[in-house]
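One-letter residues, chain by chain:
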Amino acid sequence: MAESERAVPDRTALHHSGPAALPSRKLGLDFFARSVHEVAPELIGVTLLVDGVGGRIVEVEAYDRDDPASHAFRGPTARNATMFGPPGRAYVYRSYGVHWCLNVVCDAASAALVRALEPTHGLDEMRKRRRLDEPRLLCSGPGRLCQALGITGEQDGLPLDAPPFELTASPAAVEVAVGTRIGITRAAERPWRYGLGGSRFLSRRF
DNA sequence: ACAAGGATGGACT
DNA sequence: GTCCATCCTTGTA
């Protein structure tokens, strides 16, 4: 089969209706106590705030226990301890010695990497932290959004249903684009990247 | 003890 | 497109 004919999931789409009809419903720990493969797509459209600064999640990736690309693949270590703890916590790790990346811990040592937000709250604070004005570049990437929201290793292990975190379900139904994950070498073909296909705030187009 | 390399981003050609 | 800063984690000896 020619490379161009290979079945790629990038144009696939699915839907989630939002966890409830109630607008502004805060996500409790039970939301995260499921397979990351259920949770990750439902995170699209969720508003993520840290001390009131943040926005709407437009891109995430799923990593599970039997996933060669996951930090949890080789079992518990000091770094990934949070992934093996209870669901609903923030797993924050340092990437390339420079950046911080935020994950939402789900069931069974799985987690969803939050890769991009559409900034909606605290734009000025984000601009200050990022030393950059352009809204499009504030949170379009896992390292960028952590810098914009002030997330560091200090938040590793903290529960997501309490300050400084606040996660609020989307009031509306969302169409979710699906694609392959970015920046990994192992298990790179798994279609575990989810996002708002048309968003200008993605780290990369679907 | 040591070397390899990474779930990135910014600068540059 | 390419290069690489920077440092911590991990695998291996």
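Our subject is the structure listed above.
Since the model is a prediction, treat every value here as computed from it, not as a measurement. (Residues numbered from 1 in each chain as written. Chains lettered and ligands numbered in written order. Predicted model: local features only at pLDDT ≥ 70, side-chain atom pairs only at ≥ 80, totals over all residues. Heavy atoms only, no water.)

Draft legend 1. Up close: the packing of helix 3 (residues 123-130) against helix 4 (residues 142-149). Remark: helix 3 packs on helix 4, axes separated minimally by 7 Å, with the N-to-C direction vectors making an angle of 115°. In terms of orientation, helix 3 lies roughly perpendicular with respect to helix 4. Note that helix 3 runs across helix 4; the crossing there is right-handed. Contacts between helix 3 and helix 4 involve Met 126, Arg 129 and Arg 130 from the first element and Arg 144, Gln 147, Ala 148 and Leu 149 from the second. Looking at side-chain class alone, the contact of helix 3 with helix 4 contains three nonpolar, one polar and three charged residues. (Axes fitted to C-alpha atoms, helices over the stretch in contact; angles between N-to-C directions. Helix = DSSP H or I, 4+ residues; strand = E, 2+ residues; numbered from the N terminus. Parallel < 35°, antiparallel > 145°, perpendicular 65-115°, else oblique. Left-handed = near helix turned anticlockwise from the far one by under 90°. Contact = heavy atoms within 4.5 Å. Nonpolar A, V, L, I, M, F, W, Y, C, P; charged D, E, K, R; others polar.)

Draft legend 2. Quick look at the environment of Arg 115. Along the chain, Arg 115 falls in strand 6 (residues 111-121). A relative accessible area of 8% means that Arg 115 is categorised as buried. For Arg 115 and Ala 40, which are 75 residues apart along the polypeptide, the C-alpha to C-alpha distance reads 11 Å. Ignoring anything within four residues of it in the chain, the contact list for Arg 115 reads Glu 59, Val 60, Glu 61, Cys 139, Ser 140, Gly 141, Pro 142, Leu 145, Ile 182 and Ser 203. Within the local environment of Arg 115, its side chain forms a polar contact with the side chain of Ser 203, the two groups lying 3.1 Å apart. (Buried < 20%, exposed > 50% of the residue type's maximum accessible area, 1.4 Å probe, protein only. Polar contact = N/O pair within 3.5 Å; in protein donor to acceptor, adjacent residues only side chain to side chain.)

Draft legend 3. Seen up close, the layout of surface pockets. By volume, the largest pocket is sized at about 730 Å³. For the largest pocket, the lining is made up of 29 residues, of which His 71, Tyr 93, Ser 95, Gly 183 and Ile 184 are closest to its centre. Of all the secondary structure elements, the ones that give two or more residues to the lining of the largest pocket are strand 3 (53-63), strand 4 (90-95), strand 5 (99-105), strand 6 and helix 4. Tallying contributions element by element places strand 4 first for the lining of the largest pocket, with four residues. Among the residues forming the lining of the largest pocket, the class breakdown is twelve nonpolar, eleven polar and six charged. (1 Å grid on protein atoms, 1.4 Å probe; cavity = no way out; pocket = protein on both sides within 12 Å on 5 of 7 lines; lining within 4 Å. Points joined across faces, edges and corners; volume = space filled by probe spheres on them.)

By themselves, these observations are geometric and do not establish any function.
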